[in-house]
Amino acid sequence: MTYESFDFKKENGIGHLKLNKGEDFNKMTLNFWYELPRVLEDIKKDTSLRVLILSSTGKHFCAGMDLANFGTLGSGDTKKDNRPDKARSGEVLYRVAMELQENLSKLEKLRIPVICGIQGGCIGGGLDMATAADLRFATKDAFFCIQEVNIGMAADIGTLQRLPRVIPEGKVRELAYTGRRMYAEESLSCGLVNNVYETHEDMLAGMEEIASEIASKSPLAVYGTKAILNFSRDHTVAEGLEYNALWSGAMLPQEDMAEAMMSKVEKRDPQFDDILEIKEYGKANKA
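Residues numbered from 1 in each chain as written. Predicted model: local features only at pLDDT ≥ 70, side-chain atom pairs only at ≥ 80, totals over all residues. Heavy atoms only, no water.

Undergrad: How do you make sense of helix H8 (residues 200-215) when you look at a structure like this?
TA: A turn of α-helix holds 3.6 residues, and therefore any two residues three or four places apart point the same way. Under the 1.5 Å per step criterion, the end-to-end length of H8 is 22 Å for 16 residues, consistent within 8% with the ideal 22 Å. Against strand E2 (14-19), strand E3 (51-56), strand E6 (114-118), strand E8 (135-139), strand E11 (195-197) and helix H9 (219-233) lie the buried residues of H8. (Helix = DSSP H or I, 4+ residues; strand = E, 2+ residues; numbered from the N terminus. Expected span 1.5 Å × (residues − 1). Contact = heavy atoms within 4.5 Å.)

Undergrad: Please clarify how the nonpolar core should be interpreted in this entry.
TA: Buried together is how nonpolar side chains tend to be arranged in soluble globular proteins. Leu17, Trp33, Ile43, Leu52, Leu107 and Met129 are the most contacted members of the largest nonpolar core, which totals 48 residues. When contributions to this core are tallied by element, the ones reaching two or more residues are strand E1 (6-11), E2, helix H1 (30-45), E3, helix H3 (86-109), E6, helix H4 (125-131) and helix H6 (169-178). Per element, the largest residue contribution to this core is six residues, and it comes from H1. In terms of nonpolar packing, the next biggest core, distinct from the first, is built from twelve residues, Val51, Ile115, Met207 and Ala215 among them. (Core = buried A, V, L, I, M, F, W, Y, C linked by side-chain atoms within 4.5 Å. Buried < 20%, exposed > 50% of the residue type's maximum accessible area, 1.4 Å probe, protein only.)

Undergrad: How should a nonpolar patch on the surface be read in this particular structure?
TA: A surface patch of nonpolar side chains, amounting to about 300 Å² of accessible area, comprises Leu252, Met257 and Met261. Looking at the secondary structure, you find Met261 in helix H11 (residues 254-265). (Patch = residues over 30% accessible without salt bridge, like charges linked within 9 Å, V, L, I, M, F, W, Y side chains within 5 Å. Areas by Shrake-Rupley, 256 points an atom, 1.4 Å probe, with all protein chains shown as cover. Salt bridge = Lys/Arg side-chain N within 4 Å of Asp/Glu carboxyl O.)

Undergrad: What should I look at first to understand the packing of aromatic side chains in this one?
TA: Aromatic ring pairs are described here by two measures, namely the spacing of the ring centres and the angle between the planes. Summed over the entire model, instances satisfying the criterion amount to seven aromatic pairs. Plain terms: the ring middles of Tyr223 and Trp247 are 5.4 Å apart, the flat faces sit at 80 degrees to each other, and that makes the pair edge-to-face. Residue Tyr223 is located in helix H9, and its partner Trp247 is located in helix H10 (residues 237-251); the two are separated by 24 residues in the primary sequence. Owing to a relative accessible area of 28%, Tyr223 belongs among the partly exposed residues under this scheme. By relative accessible area, which is 13% here, Trp247 ends up buried. The interplanar angle of 45 degrees and the centroid separation of 6.1 Å between the aromatic rings of Tyr243 and Trp247 together place this pair among those described as tilted. You can see Tyr243 and its partner Trp247 sitting in helix H10, four residues apart, about one turn around the helix. On the basis of relative accessibility, which here comes to 24%, the residue Tyr243 falls in the partly exposed class. (Phe/Tyr/Trp six-rings, centres within 6.5 Å; stacked < 30°, edge-to-face > 60°.)

Undergrad: So what exactly am I meant to see when it comes to the environment of Lys226 here?
TA: Mapped onto the elements, Lys226 comes out in helix H9. Residue classification places Lys226 among the buried residues on the basis of a relative accessible area of 6%. Remark: the alpha-carbon pair of Lys226 and Lys109, spanning 117 residues in sequence, is separated by 9.2 Å. In this structure Lys226 touches Leu107, Glu108, Leu110, Arg111, Ile112, Pro113, Val114 and Asp134, once residues within four positions along its chain are discounted. A polar side-chain atom of Lys226 sits 3.0 Å from the main-chain carbonyl oxygen of Leu110. (Polar contact = N/O pair within 3.5 Å; in protein donor to acceptor, adjacent residues only side chain to side chain.)

Below, the structure written as structure tokens:
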């Protein structure tokens, strides 16, 4: 997989997706938005992957939307007789916002856990992206900012929906209303990040360690855990319990459970098969 805005590599079941425009603070350009759903679709189809690390290069994790491109989004021909049609202009901006939201939601909907590492600024759209990850880690120089209010708008592609599920709502409202920066120590104390590291290198090493631990588990068990957590977050306790029971009834990985227990008895690392590719599943059914 080759992209302009991202680098990707994989090893031992761990994928590493890296924003590679550090010299430009990893701004979310039009090319970024074009490539993101495509790289995530490639990752989704790769059944050898068991966890994804999301990181970036340069001084800042992500400076958010590229304002040079922002004005062109949804700016199609909305004039008739040289007069702007407000309804059509508003409708196309609605569709643009929905498309950007869906692109980031693809990150959240991945079968595998996503571990996000943040150095420097995580601003605006960068925070929208980080909140779509399962786990977040930061360097001591990291800071988070709901930047949109500072440019005269409300954040609209995920932060206001996901951040209140991670940190206290009062904290979210303060950050959203003021547009102030929340630095690493505060982000750790309120639960936005799981750990803070001295350097970028230390953070990447820490992320690799937890990714390796996750990758060593049954991929079906991890997949089920993520699916159940996400569903339960968005539904009532009763609905979450029923979904959990249905998932277990349909996809309880009995072979993986046996391997996990046997490996403990034999004092060795467990070996779990990857999940099936869709094309292989189709061949199995035809046979």
